[in-house]
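In case you want the letters, here they are:
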Amino acid sequence: MKAGKYTIKWRHYRKSLPSKFSRHAMTSIEDMRDFTTCIIEYPGHQTSQTATCHPHDNFSYDAGRRISLAKAMAALALTKEERREIWEAYRAMTPNGRW
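Here's what I pulled together on the structure shown here. (Residues numbered from 1 in each chain as written. Predicted model: local features only at pLDDT ≥ 70, side-chain atom pairs only at ≥ 80, totals over all residues. Heavy atoms only, no water.)

1. Points about the overall build of the protein
When helices and strands are tallied, the protein shows 2 helices and 4 strands. Along its sequence from the N terminus, the protein presents helices and strands in the succession β-β-β-β-α-α. Within the protein, the fraction of its 99 residues that count as buried is 29%. Long-range contacts, defined as pairs at least 24 residues apart, comprise 54% of the intrachain contacts of the protein with a sequence gap of at least 6. Carbon together with sulfur atoms contributes 50% to the accessible area of the protein, which is approximately 6,800 Å² in total. (Helix = DSSP H or I, 4+ residues; strand = E, 2+ residues; numbered from the N terminus. Buried < 20%, exposed > 50% of the residue type's maximum accessible area, 1.4 Å probe, protein only. Contact = heavy atoms within 4.5 Å. Areas by Shrake-Rupley, 256 points an atom, 1.4 Å probe, with all protein chains shown as cover.)

Here's what the structure looks like:
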């Protein structure tokens, strides 16, 4: 997603899903935590923040994106106008809009 000079990407990790590629079983409840990482790139810099799902909660791509994006923007200490521009780009990311 592009928002002004910022490029925003997400990576979703679903550890709780069984994988035919995993060679060993999960050893503890901590190994089963799903998470989403938001990566914000801008000229010469990059920052990333992670939103971790509780092992007993249902994983939600949208909630993970929102929480990790909010954390990444807080880490950058953006101005109110920059935050507004990013949230508007996030809401317009799909044809139906977001919440």
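2. Digging into the pattern of salt bridges
Counted under the stated rule, the structure contains 3 salt bridges. For Asp-34, the salt bridge goes to Arg-14, with nearest N and O atoms at 3.4 Å. Of this pair, Asp-34 sits in the loop between strand 2 (6–13) and strand 3 (35–42) while Arg-14 sits in the loop between strand 2 and strand 3, and the two are 20 residues apart along the sequence. Overall, the relative accessible area of 6% leaves Asp-34 in the buried class. Across the salt bridge formed by Asp-62 and Arg-66, the nearest N and O atoms sit 3.5 Å from each other. Highlighted residues: Asp-62 and Arg-66, both in helix 1 (residues 61–76), separated by 4 residues, approximately one helical turn. Here Arg-66 falls in the partly exposed class, since its relative accessible area comes to 32%. (Salt bridge = Lys/Arg side-chain N within 4 Å of Asp/Glu carboxyl O.)

3. Concerning helix 2 (residues 80–91)
For helix 2, built from 12 residues, the straight-helix expectation of 16 Å at 1.5 Å per residue is met to within 8% by its first-to-last C-alpha distance of 16 Å. At its buried positions, helix 2 is contacted by strand 1 (2–3), strand 2 and helix 1. (Expected span 1.5 Å × (residues − 1).)

4. Things to note about helix 1
An ideal rise of 1.5 Å per residue puts 22 Å on 16 residues; helix 1 measures up with 22 Å between its terminal C-alpha atoms. For helix 1, the complete set of buried residues consists of Gly-64, Arg-65, Ser-68, Leu-69, Ala-72, Met-73 and Leu-76. Within helix 1, the buried residues cover an arc of 150° as seen down the axis, which keeps them to one side. Along its buried surface, helix 1 packs onto strand 2, strand 3, strand 4 (45–52) and helix 2. At the C-terminal side of helix 1, Ala-77 shows a positive phi close to 55°. (Arc of directions from axis to C-beta.)

5. Observations regarding the sheet that holds strand 1
Sheet architecture is open: 4 strands sit in the order 1-2-3-4, paired in antiparallel fashion. Of all strands in the sheet, those bounded by a partner on one side alone are strand 1 and strand 4. Sitting on the sheet, helix 1 touches strand 2, strand 3 and strand 4, and the angle it makes with strand 4 is about 135°. (Pairing = 2+ DSSP bridges. Axes fitted to C-alpha atoms, helices over the stretch in contact; angles between N-to-C directions.)

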